[in-house]
Amino acid sequence: MRRSYSRCVNSYATRSSTATILVVDDEQSIRNLLCMTLRMSGFAVVEAADGATALGLAARAEPDLIVLDVRLPDIDGFSVAQTLRSGGNDVPVLFLTASGAPQDRIAGLKAGGDDFVVKPFSIEEVVLRIQAILRRASDTPTGTRLKYRDLEIDVDAHRVFRGGDEIWLSATEFSVLEYLVRNAEKVLTKNQILDSVWGRGEGHSERVVQTFISQLRRKIDDDRAPLIQTVRGVGYTVRADPPR
């Protein structure tokens with residue numbers, strides 16, 4: 001792999017955090033670089049070179065976020081994330097992937113991922129994505145419960161219900177849905193959603209919004225009356241009646 005992401009890490013030394021990050025990558029040079037940078041950024045770091053070790057550390061170390069390579073020698077990263085989710089572990093996951101293809105991003109979201117960085121990456125991008133995910137997971141919103149029709153969001157508990165059934169969402173999916181429901185029946189552009197959820201300067205294109213909206217529809221609207229609507233040429237909205 002090219003070392004284009006081996007940039008100077010000193011600029012991150014002033015960043016302080018008590019969060020613990022689990023770094024999972026079988027390439028030692030990449031793992032060492034990530035661990036060193038994150039420690040200099042003020043994070044506590046644990047590391048693993050394979051999926052089985054990662055699952056064990058996820059249980060023992062209780063990390064606040066996992067940086068997870070998709071291609072591992074034993075269990076692929078998507079399967080690791082799925083195993084965590086099926087066991088009730090909702091730790092945010094940032095995937096490292098060699099492919100930025102839409103189908104891979106969708107597979108990662110279905111596995112419970114929060115974001116992606118495509119290899120070869122810049123170390124600045126990884127740190128910024130980690131900080132953004134942790135911010136989304138810990139933001140304290142202004143209201144504890146949101147409701148639209150049969151969709152309910154318990155903001156403090158980060159829980160979502162549709163028709164009384166609980167629906168699991170990743171931290172990023174939750175942030176997108178919360179923003180839509182707080183602005184129910186208003187049409188929001190992709191750029192508005194990007195700015196609200198990811199923040200300016202995060203380097204995401206509008207395509208990431210489309211991907212997360214598709215994933216939310218699969219979870220929220222599956223076999224139910226659709227609430228997440230597309231207004232062609234404008235953006236998205238939460239409302240019961242489809243746009244004309």
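None of the values given here were measured: they were computed from a predicted structure.

J.: What am I meant to see in helix 2 (residues 51–60) here?
T.: Note that an α-helix has 3.6 residues per turn; residues three or four places apart therefore point the same way. Taken together, the buried positions of helix 2 are occupied by Gly51, Ala54, Leu57 and Ala58. The buried side chains of helix 2 occupy one side of the element, clustering within an arc of 120° when seen end-on. Residues of helix 2 that are exposed and angled more than 90 degrees away from the buried face: Ala59 and Arg60. Summarising the contacts, the buried residues of helix 2 are in contact with strand 1 (20–24), strand 2 (44–48), strand 3 (65–69) and helix 3 (77–86). Glu62 sits one or two residues past helix 2 and shows a positive phi near 50°.

J.: What is the right way to read helix 5 (residues 123–138) from this model?
T.: In a regular helix each residue adds 1.5 Å, so 16 residues correspond to 22 Å; helix 5 covers 23 Å between its end C-alpha atoms and thus fits that length. Among all positions in helix 5, only Ile123, Val126, Val127, Arg129, Ile130, Gln131, Ala132, Ile133, Leu134 and Arg136 are buried.

J.: When you look at the pairing of strand 1 in this model, what are you seeing that I'm missing?
T.: One face of the sheet, then the other: side chains in a regular strand alternate in exactly this way. Of all the 5 residues making up strand 1, 5 are buried; the element is thus mostly covered by neighbouring parts of the structure. Of the two faces of strand 1, the one lined by Thr20, Leu22 and Val24 and the one lined by Ile21 and Val23 are each fully buried. In the sheet, strand 1 pairs with strand 2 via 5 bridges, with the strands oriented parallel. Note on strand 2: the bridge partner recorded for Val24 is Ala48. With helix 1 (residues 28–40) bridging strand 1 and its parallel neighbour strand 2, the resulting β-α-β unit is right-handed.

J.: Got a minute to help me understand the UniProt feature "modified residue: 4-aspartylphosphate" (unreviewed entry) in the protein in this structure?
T.: Feature annotation in UniProt places "modified residue: 4-aspartylphosphate" (unreviewed entry) on Asp69, given in this structure's numbering. Mapped onto the fold, Asp69 is located in strand 3. Those residues in contact with Asp69, other than ones at most four positions away along the chain, are Val24, Asp25, Asp26, Gly77, Leu96 and Lys119.

J.: Mind showing me how you'd approach the environment of Leu134 here?
T.: Mapped onto the secondary structure, Leu134 falls in helix 5. In this structure Leu134 comes out as buried when scored by relative accessible area, which is 17%. The sequence separation of Leu134 and Leu65 amounts to 69 residues, and the corresponding C-alpha distance is 7.5 Å. Residue contacts for Leu134: discarding those within four places in its chain leaves Ala19, Ile21, Phe43, Asp64 and Leu65.

J.: Mind showing me how you'd approach the pattern of salt bridges here?
T.: If charged atoms from side chains of opposite charge come close, those side chains can pair. Applying the stated criterion across every chain yields a total of 15 salt bridges. Residue Arg31 pairs with Glu47 through a salt bridge whose shortest N-O separation is 2.9 Å. Of this pair, Arg31 sits in helix 1 while Glu47 is found in strand 2, placing the two residues 16 residues apart along the sequence. For Arg31, a relative accessible area of 11% translates into the label buried. Given a relative accessible area of 31%, Glu47 falls into the partly exposed group. Each of Arg145, Lys147, Glu152 and Asp154 takes part in a single network of salt bridges with overlapping partners.

Cut-off values and rules
- Residues numbered from 1 in each chain as written.
- Predicted model: local features only at pLDDT ≥ 70, side-chain atom pairs only at ≥ 80, totals over all residues.
- Heavy atoms only, no water.
- Buried < 20%, exposed > 50% of the residue type's maximum accessible area, 1.4 Å probe, protein only.
- Helix = DSSP H or I, 4+ residues; strand = E, 2+ residues; numbered from the N terminus.
- Arc of directions from axis to C-beta.
- Contact = heavy atoms within 4.5 Å.
- Expected span 1.5 Å × (residues − 1).
- Pairing = 2+ DSSP bridges.
- Right-handed = clockwise from strand over helix to strand, strands pointing away.
- UniProt positions renumbered as here; feature names shortened; annotations may be inferred.
- Salt bridge = Lys/Arg side-chain N within 4 Å of Asp/Glu carboxyl O.

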